[in-house]
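Each chain, letter by letter, is given below.
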Amino acid sequence: MTMLKNLLLVSLAGFALAACGGGAQTTDMPLPQGNNNNGGSTPYAGPAPRDGEVFKFQQELWSKARTADRCGSCHNEVVGQLPMFVRNDDVNMAYDAAVTVTDMTQPSLSRLVSKVGSGHNCWVADANVCGSIMTTWIENWLGGAGLGGGRQIVLTPPPSVDPGSSRNYPDTPDGPPSFTDIVYNPYLAQFCSDCHSSGSANAVQPYFADPDINVAYSAARSKMDLDDPSASRFVIRLGQESHNCWSSSCAADAQAMEDAIAAYAGQIAPTTVDANLVTSKALRLVDGTIASGGNRFEDAQIALWEFKEGSGLVAFDTSGVDPAVDLNLSGNVEWYGGWGITINDGKAQASTTASKKLFDVLQESGEFSIEAWVVPANVTQEDARIVSYSAGTQARNFTLQQTLYNYDFLLRTNETSLNGDPALSTPDAAEALQATLQHVVATYSPIDGRRIYVNGQLVTQTDPVPGGTLIDWQDTFALVLGNEASGDRLWQGTLRLVAIHRRALTQEQITQNFDVGVGEKFFLLFDISENIGAAAQSSYILFQAAQYDSYAYLFENPHFITLDGSAPEGIPIEGMRVAMNGQEATVGQSYSTLDDTLSAQLFGELGQPLSSLGAVLPLEKGPEDDEFFLTFDRLASNNFVRADAPPLVVARNDLPPTSRIGVRTFDEINATFANVTGVDPTTAAVDMTYQELRQSLPAVEDLNTFLSSHQVAIAQLAIEYCNALVENPGNYFGSFNFNAAPATAFSSGNRNNFVDPLIQNIVGNPAAGPQIGSQPTYTTVYSELASFSASGGRPDNLIDRLLAGGSTTKAIAKGVCAATLGSGVTLIQ
């Protein structure tokens, strides 16, 4: 709800929704002198800008678009191509021309954006990137011109489309019909596996030709259009883009692919919408209004990677600040649905030439910020580079990295080493880094030093290193995401957005960007006007929706809203469900129990809120093809009587059963050790050891995640508890004499006085109470620890082996105690 409000403001007069994210007023921070982004164009010698709006246009759009490799080859006074929005003789006339092809309220809908976004004179390999860059230039221009204060989001009525029938994919590739036999074997596996397979030396996602047929099927579904095979991406790539045709005729290959998809689709019966349902109009995700990035603070931004590409081997810098620091993906790096990349075993690295922009700009500014939306894969990684501008493990300009639960910020200044040491880290006790989506910002200024913010909150203490200069930076380093330049400091996780700013962002600006969120988001307006009738002719259910990841959509914060300013009263809305591709979804029905009545008193700036819940729905055909609509048990005077049915149970047969046993986590282990030994966990030595080892102990209960390093930490903690117990035993061991000689203390007649209390308190004894049936018996444990051997041969128990080694009585006692305490009996639950 908060994020939605931060993205939208409804104006009942103009029905415009303007982005608002709070935070400080933004101000322009131009690049240093000498970097005016004119790409070699001649200096401007025409009339001065007539006002501030034209001057902002000159700075943010005209100076960047007028180069010969962009728009300056045609749209000027020399060539005369209309509109002449980059003419060199008069920037005021250029401004007048530019406004005719610019959407001043929603820049992404500008004619300038659609032209370059469709490939018209695009200056990079991906036309969508040109569209993003042009959008950024326009937003930067309008953001400082008093025309809305940032990115604008305008809700417009979507096309009125009734829910239609749809062919839906079978659950498995074997169908029926068989994707394997009809499409995969004859075409994808045969002609596409050299690249689109995880096992290929030239692996390129998506892996629709993967040897694992389930992986291939999952990847191929979004590339096929079952309702219109000719519109399938597979067909278009062959027929229109001549991509990897296997014969001399791409047209023939495209037709063969289309015929195969048509044959496959023809055996799938269409799912038709139940005529008795009370439904809204239908929408695809891409029919919604883009809501991403509303009013991010970007005035000081010099590099931006939003990872919108979704395929290929390059993540483009779409900041619009030249030169672009584009990142080359290598190794096992996957595109993440809804914008992002997941690094499994690889990296994203820029060239040293492109990376030099960071050196040029940041060394001059003397301050900067690293901003990233990240999802760490786990909390066990150490020295794992998230964002690094460096040459290897021993030389860097800056690095943001992960060490277990901490974020570390290394920075080379004249006050630190050439490797950026000492690092500034988030406090161990804060456990600021978690394996979930987080917004992390590392800032530096010579006044405040280094700071680290997580999810909008400052989590570090004062930087112990005095502020310095960046005079010792090197311009031959490379920017790398997810690893070190040398490739030996892998970070595993997902990056949703990364940005570099030439200023140390303030708390307000960081909060502003955190509130905006990340990823590709849409506002969907489901038209219910026909159901409401004359009471409100422009009535909608508004959802915020997004492709959540590569496998699902997220719907949240539904509101009833009108675009004509009306506020209907007394209309019931009950039992709302999300349907897709002709039928109600079998999962994600968070709103099925909705029971609400419209009331003008409940109307806010977004209309009337209906629920604060979210719903996760499966991605089936992809955001361009999955068709959504809403159904209602009751809407106004329309009713659907739903037959009583047992609760839906979805059986999962593709995963092994979850283990019934797990391991205790760090806090549970500490509490268990304290309980069974009677040692106070706040004892100085014990508590200090626990705090030092805490991040090395198990963090989750899953037995499959248990590592040898966890066992080492458990053993160290057990030794410290046993040290405290033996040094201050109280009545724990009864009459056992720790001051006696080892042979006397652990004689056959005395050792039971030590061993029995250990087993009874830590393991359990049938005589003292019930045991877990699967744990070792008392006899088995006793035999391992203390069974006395009078044979004179090799000692076959722990006590005798320690006696043979010449250990002292207390040392033997501590060793036996630690072996018992650190065993599986206290770890497994």
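All of these numbers come straight from a predicted model, not from anything done at the bench. (Residues numbered from 1 in each chain as written. Predicted model: local features only at pLDDT ≥ 70, side-chain atom pairs only at ≥ 80, totals over all residues. Heavy atoms only, no water.)

A few points about the overall build of the chain
Along the backbone of the chain there are 21 helices and 31 strands. Looking at the chain as a whole, 51% of its 829 residues are labelled buried. The long-range fraction of contacts in the chain, counting pairs at least 24 apart against all pairs at least 6 apart in sequence, stands at 68%. (Helix = DSSP H or I, 4+ residues; strand = E, 2+ residues; numbered from the N terminus. Buried < 20%, exposed > 50% of the residue type's maximum accessible area, 1.4 Å probe, protein only. Contact = heavy atoms within 4.5 Å.)

Looking at the nonpolar core
Among the nonpolar cores identified, the biggest contains 100 residues, and F368, F398, F409, L479, L495 and F754 are the most heavily contacted of them. Residue contributions to this core peak at nine residues, all from helix α15 (residues 708-727). Dropping the residues within four chain positions of it, L495 is found in contact with F307, G340, I341, I343, W373, V374, I386 and L481. Within the second largest apolar cluster, 34 residues are counted, among which are F522, L524, V578 and L635. (Core = buried A, V, L, I, M, F, W, Y, C linked by side-chain atoms within 4.5 Å.)

Describing a nonpolar patch on the surface
Among the surface-exposed residues, I661, L703 and I828 lie close enough to one another that they form a single nonpolar patch of about 230 Å² accessible area. In this structure, L703 sits in the loop between α14 (684-693) and α15. (Patch = residues over 30% accessible without salt bridge, like charges linked within 9 Å, V, L, I, M, F, W, Y side chains within 5 Å. Areas by Shrake-Rupley, 256 points an atom, 1.4 Å probe, with all protein chains shown as cover. Salt bridge = Lys/Arg side-chain N within 4 Å of Asp/Glu carboxyl O.)

Here's the deal with the state of the cysteines
For the structure shown, the criterion picks out three disulfides. A sulfur-sulfur distance of 2.0 Å marks the disulfide that ties C122 to C130. With the S-S dihedral at roughly 85°, the linkage between C122 and C130 falls on the right-handed side. According to the relative accessible area criterion, C122 is partly exposed, its value standing at 22%. Here C245 connects covalently by a disulfide to C250, the sulfurs 1.9 Å from one another. (Disulfide = S-S within 2.5 Å.)

Quick word on the pairing of strand β9 (residues 341-349)
Consecutive side chains along a regular strand alternate between the two faces of the sheet. Two strands pair when backbone bridges link them, and strand β8 (residues 327-335) and β9 are joined in this way by eight bridges, in the antiparallel orientation. Among the inter-strand pairings, G331 is bridged to a residue of β9, identified as G346. The antiparallel pairing of β8 with β9 creates a hairpin that spans five residues between the two strands, and G338 there sits at a positive phi of about 80°. Where β9 and strand β19 (residues 493-501) come together, three bridges link them in antiparallel fashion. Looking at the pairing, I341 lines up with L495 of β19. Sheet topology note: the β9/strand β18 (residues 478-481) ladder contains two bridges and is antiparallel. Counterpart to Q349 in the pairing with β18 is V480. (Pairing = 2+ DSSP bridges.)

Looking at the packing of aromatic side chains
With the rule as written, the count across this model stands at 37 aromatic pairs. With a centroid separation of 5.5 Å and 80° between ring planes, the pair formed by F733 and F738 is classed as edge-to-face. For F738, a relative accessible area of 10% gives the class buried. In textbook terms, an aromatic cluster arises when at least three aromatic residues are bridged by ring pairs, as seen for F368, Y389, F398, F409, Y444, W473 and F477. (Phe/Tyr/Trp six-rings, centres within 6.5 Å; stacked < 30°, edge-to-face > 60°.)

Brief notes about the side chain of T67
For T67, the location among the structural elements is in the loop between α2 (52-65) and α3 (91-98). With a relative accessible area of 3%, T67 lands in the buried category. Polar side-chain contacts of T67 include one of 2.6 Å to the side chain of D69. (Polar contact = N/O pair within 3.5 Å; in protein donor to acceptor, adjacent residues only side chain to side chain.)

Description of the packing of α14 against α15
The axes of two packed helices give the description: the angle between them and the distance between them. Between α14 and α15, the shortest axis-to-axis distance is 9 Å and the interhelical angle comes to 175°. Here α14 is positioned roughly antiparallel relative to α15, judged by the angle of their axes. Residues A685, V686, T689, Y690 and L693 of α14 lie in contact with α15, whose contacting residues are A713, Q716, L717, E720, Y721 and A724. The residue makeup of the contact of α14 with α15, split by class, is eight nonpolar, two polar and one charged. (Axes fitted to C-alpha atoms, helices over the stretch in contact; angles between N-to-C directions. Parallel < 35°, antiparallel > 145°, perpendicular 65-115°, else oblique. Nonpolar A, V, L, I, M, F, W, Y, C, P; charged D, E, K, R; others polar.)

So, the pairing of strand β29 (residues 627-632)
For β29, a buried count of six out of six residues is recorded, marking the element as mostly surrounded by other parts of the structure. Because side chains alternate across β29, one face comprises the buried residues E627, F629 and T631, and the other comprises F628, L630 and F632, equally buried. Bridge count for strand β3 (residues 278-279) against β29 is two bridges, and the pairing is antiparallel. Following the sheet pairing, V278 is matched in β29 by F632. The pairing of strand β4 (residues 283-284) with β29 spans two bridges and is antiparallel. Residue pairing across strands places R284 opposite E627, the latter belonging to β29. Across four bridges, strand β24 (residues 577-580) lies against β29 in antiparallel orientation. Its bridge partner lying in β29, R577 is registered against T631.

Thoughts on the sheet that holds strand β26 (residues 595-597)
Strand order in this open sheet of four strands is β26-β23-β30-β31, and the pairing throughout is antiparallel. Edge positions in the sheet fall to β26 and β31 (638-639), since each of these pairs with one other strand and no more.

Considering the pattern of salt bridges
Tallied over the full model, the rule gives 30 salt bridges. Ionic pairing is found between R284 and D287, a salt bridge with its closest N-O pair at 3.0 Å. Since its relative accessible area comes to 31%, R284 is described here as partly exposed. Where R385 meets E484, a salt bridge forms, and the shortest distance between an N and an O atom there is 2.7 Å. Linking R385 in strand β11 (residues 384-392) with E484 in the loop between β18 and β19, this pair joins segments that are 99 residues apart in sequence. A relative accessible area of 0% means that E484 is categorised as buried.

What to know about the side chain of T820
Within the secondary structure layout, T820 lies in helix α20 (residues 809-821). We classify T820 as buried; its relative accessible area is 4%. Once residues within four sequence positions are removed from consideration, T820 is found in contact with L758, I762, V763, L785 and V825.

Some words on the confidence of the model for the chain
In this model, the chain carries a mean pLDDT of 87, and residues with pLDDT of at least 70 account for 89%. Between the elements of the chain, mean pLDDT differs from a low of 34, seen in strand β1 (residues 17-18), to a high of 98, seen in β18. Contacts from residues 1-40, a stretch scored under 50 in pLDDT, to residues over four places away or in other chains number 109 contacts. (pLDDT = per-residue confidence, 0-100.)

So, the environment of Q474
Assignment of secondary structure puts Q474 in the loop between β17 (457-458) and β18. Residue classification places Q474 among the partly exposed residues on the basis of a relative accessible area of 35%. Along the primary structure Q474 and R396 are separated by 78 residues, whereas in three dimensions their C-alpha atoms are 8.1 Å apart. Residues within four places of Q474 in sequence aside, it is in contact with F359, Y389, N397 and R412.

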